[in-house]
Amino acid sequence: SLVIAPARLQPKNEVRQGRCAVAMAQQRRGSSTFTHENTGMKITFLGGGNMAAALIGGLIERGFAPAAVQVIELGAALRTQLGERFGVRAVEAADAAALACDVLVLAVKPQQMRAALAPLAGRLDAQLVISIAAGLRLCDLARWLGTPAQPYARLVRCMPNTPALIGAGVSGLYADPSVDEAG
């Protein structure tokens, strides 16, 4: 099962599972609890490359409604492809609808992340932000997403591996201490 653990290390028997993690584990056991209809969750991806497409495909394949998934992608051809392939809303820039999400997945290359987050700085409310970009520290993401006076705190780093592209991967997660069991 997928486990979201707080930032501090804990013995295995003390790791807590969040609402999203429990729903995903149930989904793998054959339950259909992890859908937009059952969770009310809306997910926006910043970046629509291979890993984002694999994650979007996995969500939709397991019953998540395409209408509850959005993608912010600069490339026009990729936006069109994602919209046609998955039936999701794909936009060029972060508009109000794209930011009206529960979860924001940062799926851009690490070297492009700072510039990609600049238009979002100070615009997030209480979204859980999950970064799948390798090598970026939470403190940097917090500064880039927040304001100088208030860094953004609801952050999780996730490292999916290449088999995730075919739905067979394992992901390590690291959550900021401010992320609680409910996400």
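Residues numbered from 1 in each chain as written. Predicted model: local features only at pLDDT ≥ 70, side-chain atom pairs only at ≥ 80, totals over all residues. Heavy atoms only, no water.

J.: Explain the overall build of the protein to me, please; I cannot follow it from the model alone.
T.: Along the backbone of the protein there are seven helices and seven strands. When the elements of the protein are put in sequence order from the N terminus, they spell out α-α-β-α-β-α-β-α-β-α-β-α-β-β. The proportion of buried residues among the 183 residues of the protein is 43%. In the protein, of all internal contacts separated by at least 6 residues, the share reaching a separation of at least 24 is 59%. (Helix = DSSP H or I, 4+ residues; strand = E, 2+ residues; numbered from the N terminus. Buried < 20%, exposed > 50% of the residue type's maximum accessible area, 1.4 Å probe, protein only. Contact = heavy atoms within 4.5 Å.)

J.: Even after reading the chapter, I still don't get the side chain of Ser131, so can you show me in this structure?
T.: Here Ser131 shows up in strand S5 (residues 128–131). The exposure class of Ser131 is buried, given its relative accessible area of 1%. Within polar-contact distance, the side chain of Ser131 engages the backbone nitrogen of Ala133 at 3.3 Å. For Ser131, the contacting residues outside a window of four places in its chain are Leu106, Met113, Leu141, Val156, Arg157 and Cys158. (Polar contact = N/O pair within 3.5 Å; in protein donor to acceptor, adjacent residues only side chain to side chain.)

J.: Looking at this structure, I do not really get the confidence of the model for the protein. What am I missing?
T.: Interpretation of this model should avoid reading the predicted coordinates in detail wherever pLDDT is low. Across the protein, the average pLDDT comes to 80, with 74% of residues at 70 or higher. This stretch, residues 1–32, has a pLDDT under 50; its non-local contacts, to residues over four places away or in other chains, come to 45 contacts. (pLDDT = per-residue confidence, 0-100.)

J.: Looking at this structure, how should I read the nonpolar core?
T.: Nonpolar side chains in soluble globular proteins generally cluster together in the buried interior. In this structure, Ile43, Phe45, Ile56, Phe64 and Val88 are the most contacted members of the largest nonpolar core, which totals 25 residues. When contributions to this core are tallied by element, the ones reaching two or more residues are strand S1 (43–46), helix H3 (50–61), strand S2 (69–72), helix H4 (76–86), strand S4 (103–106) and strand S6 (155–160). When residues of this core are assigned to their parent elements, the largest contribution, five residues, is made by H3. Those residues in contact with Ile43 that lie beyond four places of it in its chain are Leu59, Phe64, Ala68, Val69, Gln70, Cys101, Val103 and Val105. The next biggest cluster of nonpolar side chains, apart from the first, holds 24 residues, and it includes Val91, Ala98, Leu124 and Ala142. (Core = buried A, V, L, I, M, F, W, Y, C linked by side-chain atoms within 4.5 Å.)

J.: Just to check I follow, could you spell out the pattern of salt bridges for this structure?
T.: Where side chains of opposite charge bring their charged atoms close, a pairing between them can arise. Per the counting criterion, the structure on display carries four salt bridges. Of the charged contacts in the structure, one is a salt bridge between Asp140 and Arg137, with a shortest N-O distance of 3.0 Å. Of the charged contacts in the structure, one is a salt bridge between Arg143 and Asp140, with a shortest N-O distance of 2.4 Å. Linking Arg143 with Asp140, this pair stays in helix H7 (residues 138–145), spanning three residues, or about one helical turn. (Salt bridge = Lys/Arg side-chain N within 4 Å of Asp/Glu carboxyl O.)

J.: Mind showing me how you'd approach the sheet that holds S2 here?
T.: Backbone-to-backbone hydrogen bonds join strands into a sheet, with any given pair of strands oriented parallel or antiparallel. Spatially, the seven strands line up as an open sheet ordered S3-S2-S1-S4-S5-S6-S7, and their pairing is mixed. Only two strands of the sheet have a single neighbouring strand rather than two, namely strand S3 (89–91) and strand S7 (171–175). Pairwise comparison of adjacent strand axes, ignoring direction, gives a mean angle of 20° for this sheet. Packing against the sheet, H3 makes contact with S1, S2 and S6, and its axis sits at approximately 165° to S1. (Pairing = 2+ DSSP bridges. Axes fitted to C-alpha atoms, helices over the stretch in contact; angles between N-to-C directions.)

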